[in-house]
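Architecture and fold: a report
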Number of protein chains: 6
Amino acid sequence: MPIVTVRALEGRTVEQKRKLAKDITDAVVKNFKVEPDRVTVNFFDMPKQNVARAGKLVIDQ
Amino acid sequence: MPIVTVRALEGRTVEQKRKLAKDITDAVVKNFKVEPDRVTVNFFDMPKQNVARAGKLVIDQ
Amino acid sequence: MPIVTVRALEGRTVEQKRKLAKDITDAVVKNFKVEPDRVTVNFFDMPKQNVARAGKLVIDQ
Amino acid sequence: MPIVTVRALEGRTVEQKRKLAKDITDAVVKNFKVEPDRVTVNFFDMPKQNVARAGKLVIDQ
Amino acid sequence: MPIVTVRALEGRTVEQKRKLAKDITDAVVKNFKVEPDRVTVNFFDMPKQNVARAGKLVIDQ
Amino acid sequence: MPIVTVRALEGRTVEQKRKLAKDITDAVVKNFKVEPDRVTVNFFDMPKQNVARAGKLVIDQ
């Protein structure tokens, strides 16, 4: 703890996740005053057919 | 928000998700009085080897 | 399974949740062809100070 | 309910999940006094590029 | 990681959670071959008005 | 989407969440190239009796 979970549409590169994980961890450490090795960040890559907004799947928008 | 997450065993078609996402969104809009574009629905397709009921994986039932 | 999780801002009444749980369950049964007693719906009431959109907490919007 | 969700790095075998699902279910039944068929266990296999600790992805550690 | 999340109806005592957290951690360590201090267990106590089965809230069953 | 969920031990102030939500949103916008108003951040304040590490509840450590 803290555990940070990011759900985003699939298609992001490893490099994008690498940098975001770093930035989020820095933000948690700074604001919540915890040691970095306590912070876990995990990503769920959501297929576009598995997410809907306003009742429509992303693949239909 | 609202964010609705559906975990179900894998094997549903895109058409099934399309219709369920629509029906769930309509239900949230009607009952919780929110604008449709505020509603996110997302699906997790669970492999049958990743779900257990009564201590047994679905693939073993 | 299926398990449906609804995160929404706090303030909804029990009656609203009662009706939404019923409507969502009906929608899952109809579209995913499962028995009703397999469907679990659960709600998380999110405090307005615990949700942010566009970088601002809901209490600040 | 109870619903137990296990997020772990990918690479575990079906046999490992089979045994862990059984052991967790037994532990829930014993300690929370519920019927076994009420207990759902589900696993998320996390790719090593989707998990970070201390700001670094597992693939970089 | 592993991160184990338990959602159960509210009403369990701290002692019940204490024992279940221990048993689950032991099970994860044994089956997934990880160090104990890598294992996080967290509980969500679900109010009975926030959970529905078969379309009915637990408080109505 | 993206949806960012932060689980942390209870006790953080609104001001800490305000700043962290802002910093996380900025990080997501920068690295994942999305519009800010697409980003939702939500916090779960975990009671110390509901989190265990290495098989021991935080209140026992």
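Provided above is the structure to which this section pertains.
Below you will find a few notes about this structure. (Residues numbered from 1 in each chain as written. Chains lettered and ligands numbered in written order. Predicted model: local features only at pLDDT ≥ 70, side-chain atom pairs only at ≥ 80, totals over all residues. Heavy atoms only, no water.)

Comments concerning the relation of the copies chain D and chain E
Applying a rotation about an axis and a shift along it to one chain copy brings it onto the other copy. Quick reminder of the rule: Here the copies were fitted onto each other by least squares, based on C-alpha atoms from residues at pLDDT of at least 70 in both. Contacts between residues were defined by any pair of non-hydrogen atoms, one from each residue, lying within 4.5 Å.
Rotating chain D by 180° and translating it 0.0 Å along the rotation axis places it on chain E, where the RMSD comes to 0.0 Å. Taken together, the rotation angle and the small translation identify this as a two-fold axis. Among all residues of chain D, the minimum C-alpha distance to the rotation axis is found for Thr-5 of chain D, at 2.5 Å. Same-surface contact between copies: 100% of interface residues of chain D are shared with the interface of chain E.

Focus: the relation of the copies chain A and chain F
Rotating chain A by 180° and translating it 0.0 Å along the rotation axis places it on chain F, where the RMSD comes to 0.0 Å. Of the residues that chain A buries at the interface, 100% are likewise interface residues in chain F, meaning the two copies contact each other through the same surface.

A look at the pairing of strand S1 (residues 3-9) of chain E
Using the following cut-off: Exposure is judged per residue with a 1.4 Å probe applied to protein chains only, and the accessible area is read against the type maximum: over 50% gives exposed, under 20% gives buried, and values in between give partly exposed. Think of it this way: any DSSP run of H or I at least four residues long counts as a helix, any run of E at least two long counts as a strand, and we number them from the N terminus. For two strands to pair, DSSP has to find at least two bridges joining them.
Taking burial as the measure, the 7 residues of S1 of chain E include 6 buried ones, the bulk of the element. Here 5 bridges tie strand S1 (residues 3-9) of chain D to S1 of chain E, and the two strands are oriented antiparallel to one another. Across the sheet, the residue bridging to Val-6 of chain D is Val-4 of chain E, located in S1 of chain E. Pairing of S1 of chain E with strand S2 (residues 40-46) of chain E involves 7 bridges; the strand directions are parallel. Residue pairing in the sheet places Val-4 of chain E in a bridge with Val-41 of chain E of S2 of chain E.

A few points about helix H1 (residues 14-32) of chain E
All names here are of chain E. Operational definition: Helices are assigned an expected span. That span is 1.5 Å times one less than the residue count. To obtain the arc, one takes the directions from the helix axis to the C-beta atoms.
The end-to-end C-alpha separation of H1 is 26 Å, in line with the 27 Å expected for 19 residues at 1.5 Å each. Every buried residue of H1 is accounted for by Gln-16, Lys-17, Leu-20, Ala-21, Ile-24, Thr-25, Ala-27, Val-28, Asn-31 and Phe-32. Taken down its axis, H1 places every buried residue within 165° of arc, on the same side. Lys-33, located one to two residues past H1, shows a positive phi value of around 55°.

Quick look at the packing of aromatic side chains
Where we set the bar: Two aromatic rings from Phe, Tyr or Trp, using only the six-membered ring of Trp, form a pair when their centres are within 6.5 Å; if the ring planes differ by under 30 degrees the pair is stacked, by over 60 it is edge-to-face, and anything between is tilted.
One pass over the full model with this rule turns up 12 aromatic pairs over all chains. Ring centres of Phe-32 of chain B and Phe-43 of chain C lie 6.2 Å apart, and the angle between their planes is 35°; this geometry places the pair in the tilted category. Residue Phe-32 of chain B is located in helix H1 (residues 14-32), and its partner Phe-43 of chain C is located in strand S2 (residues 40-46); the two belong to separate chains. Phe-43 of chain C matches Phe-32 of chain B in its accessibility class, with the two residues each being buried. These aromatic residues form a ring-pair network of at least three members: Phe-44 of chain A, Phe-44 of chain B together with Phe-44 of chain D.

A closer look at the packing of helix H1 (residues 14-32) of chain D against H1 of chain E
As a reminder of what qualifies: For every element, the axis is a line fit to its C-alpha atoms; helices are fit only across the contacting stretch, and the angle between N-to-C directions ranges from 0 to 180 degrees. The labels follow the angle: roughly parallel below 35 degrees, roughly antiparallel above 145, roughly perpendicular from 65 to 115, and oblique for the rest. By definition, any crossing whose near helix is turned counterclockwise from its far helix by less than a right angle is left-handed, and any crossing with a clockwise turn is right-handed. The classification used treats Ala, Val, Leu, Ile, Met, Phe, Trp, Tyr, Cys and Pro as nonpolar, Asp, Glu, Lys and Arg as charged, and all other residues, Gly among them, as polar.
Viewed as axis vectors pointing N to C, H1 of chain D and H1 of chain E meet at an angle of 165°, and their least axial separation amounts to 9 Å. On the basis of the axis angle, H1 of chain D is roughly antiparallel to H1 of chain E. Judged by the twist between their axes, the crossing of H1 of chain D over H1 of chain E is right-handed. Side by side, H1 of chain D and H1 of chain E meet where Gln-16, Lys-17, Lys-19, Leu-20, Asp-23, Ile-24, Ala-27, Val-28, Lys-30, Asn-31 and Phe-32 of chain D of the first sit next to Gln-16, Lys-17, Lys-19, Leu-20, Asp-23, Ile-24, Ala-27, Val-28, Lys-30, Asn-31 and Phe-32 of chain E of the second. Taken together, the residues that form the contact of H1 of chain D with H1 of chain E break down as 10 nonpolar, 4 polar and 8 charged.

A word on the environment of Lys-33 of chain E
How we decide: Nitrogen and oxygen atoms within 3.5 Å of one another constitute a polar contact, given that in protein one can donate a hydrogen and the other can accept it, and given that sequence-neighbouring residues count only through two side-chain atoms.
Checked against the element boundaries, Lys-33 of chain E lands in the loop between H1 and S2. What makes Lys-33 of chain E exposed here is its relative accessible area of 66%. In this structure Lys-33 of chain E touches Gln-16 of chain D together with Val-28 of chain E, once residues within four positions along its chain are discounted. There is a polar contact of 3.1 Å between the side chain of Lys-33 of chain E and the backbone oxygen of Lys-30 of chain E.

With respect to the pattern of salt bridges
Pairs can form between side chains of opposite charge once their charged atoms are near each other. What counts is decided by this rule: By definition here, a salt bridge exists when the distance from a side-chain nitrogen of Lys or Arg to a carboxyl oxygen of Asp or Glu is within 4 Å.
One pass over the full model with this rule turns up 36 salt bridges over all chains. Taking the shortest distance from any N to any O, the salt bridge between Glu-15 of chain A and Lys-19 of chain A comes out at 3.7 Å. Here Lys-19 of chain A and Glu-15 of chain A lie together in helix H1 (residues 14-32), a separation of 4 residues that amounts to about one turn. The salt bridge partner of Glu-15 of chain E is Arg-18 of chain E, with a shortest N-O separation of 2.6 Å. Here Glu-15 of chain E pairs with Arg-18 of chain E, and both are found in helix H1, just 3 residues apart, close to one helical turn. Glu-15 of chain E gets classed as partly exposed once you look at its relative accessible area, which sits at 36%. Linked through salt bridges whose partners overlap, the residues forming this network are Glu-15, Arg-18 and Lys-19 of chain A together with Asp-60 of chain D.

Some details on the sheet that holds strand S1 (residues 3-9) of chain C
On the basis of which strands lie adjacent, the open sheet formed by 8 strands has the order S4(A)-S3(A)-S2(B)-S1(B)-S1(C)-S2(C)-S3(E)-S4(E) and mixed pairing. Single-partner strands in this sheet number two, and they are strand S4 (56-57) of chain A together with strand S4 (56-57) of chain E. Contacts from H1 of chain B reach strand S3 (51-53) and S4 of chain A, strand S1 (3-9) and strand S2 (40-46) of chain B together with S1 and S2 of chain C within the one sheet, and its direction differs from that of S2 of chain B by about 140°. The sheet contacts of helix H1 (residues 14-32) of chain C involve S1 and S2 of chain B, S1 and S2 of chain C together with strand S3 (51-53) and S4 of chain E, and relative to S2 of chain C the element is tilted by about 140°.

What about the sheet that holds strand S3 (residues 51-53) of chain D?
Taken together, the 8 strands give an open sheet; going across it, the order is S4(C)-S3(C)-S2(F)-S1(F)-S1(A)-S2(A)-S3(D)-S4(D), and neighbouring strands pair in mixed fashion. Where the open sheet ends on each side, the last strands, each with one partner, are strand S4 (56-57) of chain C together with strand S4 (56-57) of chain D. Both strand S3 (residues 51-53) of chain C and strand S2 (residues 40-46) of chain F contribute to a ladder of 3 bridges, which runs antiparallel. Along S2 of chain F, the bridge assignment pairs Val-51 of chain C with Asn-42 of chain F. Across the sheet, helix H1 (residues 14-32) of chain F touches strand S1 (3-9) and strand S2 (40-46) of chain A, S3 and S4 of chain C together with strand S1 (3-9) and S2 of chain F, and the angle it forms with S2 of chain F is around 140°.

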